[in-house]
Amino acid sequence: MYTINKIMWWRDNEPQVFERAWKFLCYEDLTAFRLCGEPAIDYSLAGRTMAFDVRAERWSDEILSRVGLEPERLAATAPSGVVIGKVRDELAGELGLPRGVAVVTGGHDQPCGALGSGIVEPRIAMDATGTVECITPAFSELNLSDAMLESNYSCYHHVAPGMYITLAFNFTGGSLLRWYRDTLGKQEREDAEAAGMDVYEIMIGLATSGPSPVMVLPHFTITGTPWLDPFSKGAILGLTLATTKADIIKALLDGVTFEMRLNLEHLERAGVAVEHIRAIGGGAKSPTWLQLKADVFGRPVSSLSVSEAACLGAALLAGTAVGEYSSLAEAVGKTIRAVKTYEPNPETAAQYDERYEIYRRLYPTLRDVMHAL
């Protein structure tokens, strides 16, 4: 992220590095260079550098001229899923590979995850629950509207041809459960070890059913979209002497999910409608959490046969590039399937609707206090 800004930092603070560098490469293009001698970066990762013209699909002359950087000092750009060379013979022997293995452009992790979730048409989005919670919808027209900008939504190339994506995310995400585990969850860790279970399974199993009486504002790092406020803080509200650990655990799950519902509303106002969610990542292994998402989002949420969808998406790009599949559409059709779909429970969803109306007021109400802290 913000590659061009980092290059500007070198220019201003380490000018000898800036002047001597032959190329400024990110991980994909560096890996490609080491493998086949051709540094190439795909459009989706180039779009993360803030130096790529997503309309023209090339480095931006306007931006690079302001930085004082020639386009030749960056990697060549290419669509995702195209062959850019072959692994060098001497390196193939060192790695134990046969000669002639193709090197193929990949993609940014979230669009690769979207591809590995089968997100190749509008109105469907991937929801990746890991350290960060991220919803990734796809659409066929470049959306650079004022509403997208106001909610801090980027717009760049999907790894699927002819499509674009955006990211709605909460930096805290699933790391809230890790915070609880490490800070308050000593008993849960001991119980998990004794039972031979995953500690998160124990914790989520304790969570109360229905909305928690406690509310959490999940800004324990910075906010993520739509606010991108680095000075906000997390908050736990509604505590009483009757509050239980189970109430707090459930409030953590509720808070992250409410924050993503807020993002879905902002996306819809920006012209990006989402009607169905496909869940991946560690959180997708919990039926309790997936049902919670369906109830809070008011949309069906599906778990998939492969939860590590970003790796699958990259593999599908490579397989299509070398002719294993005739198209990405065929690759998706042959490899990706929903295991179970969780539909919103009308009664429970109505309860969450009431709590969500309160949640929407938390950040605007607490913002000035958080900044003062």
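Residues numbered from 1 in each chain as written. Predicted model: local features only at pLDDT ≥ 70, side-chain atom pairs only at ≥ 80, totals over all residues. Heavy atoms only, no water.

K.L.:
Would you explain helix 15 (residues 328–335) in this entry?
P.N.:
At 3.6 residues per turn, the α-helix brings residues three or four places apart onto the same side. Within helix 15 the residues assigned to the buried category are Leu328, Ala331 and Val332. What you see down the axis of helix 15 is that its buried residues fit within an arc of 95°, all on one side. Of the exposed residues in helix 15, the ones pointing more than 90 degrees away from its buried face are Ala329, Gly333 and Lys334. On its buried side, helix 15 packs onto helix 7 (109–116) and helix 14 (309–321). (Buried < 20%, exposed > 50% of the residue type's maximum accessible area, 1.4 Å probe, protein only. Helix = DSSP H or I, 4+ residues; strand = E, 2+ residues; numbered from the N terminus. Arc of directions from axis to C-beta. Contact = heavy atoms within 4.5 Å.)

K.L.:
So what exactly am I meant to see when it comes to the side chain of Lys250 here?
P.N.:
Position of Lys250 among the secondary structure elements: in helix 12 (residues 245–269). Filtering out sequence-adjacent residues up to four positions away, Lys250 remains in contact with Ala207, Thr208, Gly210, Pro211, Ser212, Leu292 and Tyr352.

K.L.:
I keep staring at unusual backbone geometry and nothing clicks. Help me out?
P.N.:
A negative phi angle characterises most non-glycine residues, just as the trans form characterises most peptide bonds. Residue Pro226 is reached from Thr225 by a cis peptide bond, and omega for that bond is 0°. Note on placement: Pro226 falls in the loop between strand 12 (215–217) and strand 13 (235–237). A positive phi angle, close to 60°, is found at Tyr2, a residue other than glycine. Relative to the helices and strands, Tyr2 is located in the segment before helix 1 (3–13). Of the residues examined, Tyr2 reaches a relative accessible area of 42% and is grouped as partly exposed. A positive phi angle, near 65°, is found at Asn152, a position not held by glycine. Mapped onto the elements, Asn152 comes out in the loop between helix 8 (146–150) and strand 9 (156–157). Note on Asn152: relative accessible area 31%, which makes it partly exposed.

Purely geometric numbers; function is a separate question.
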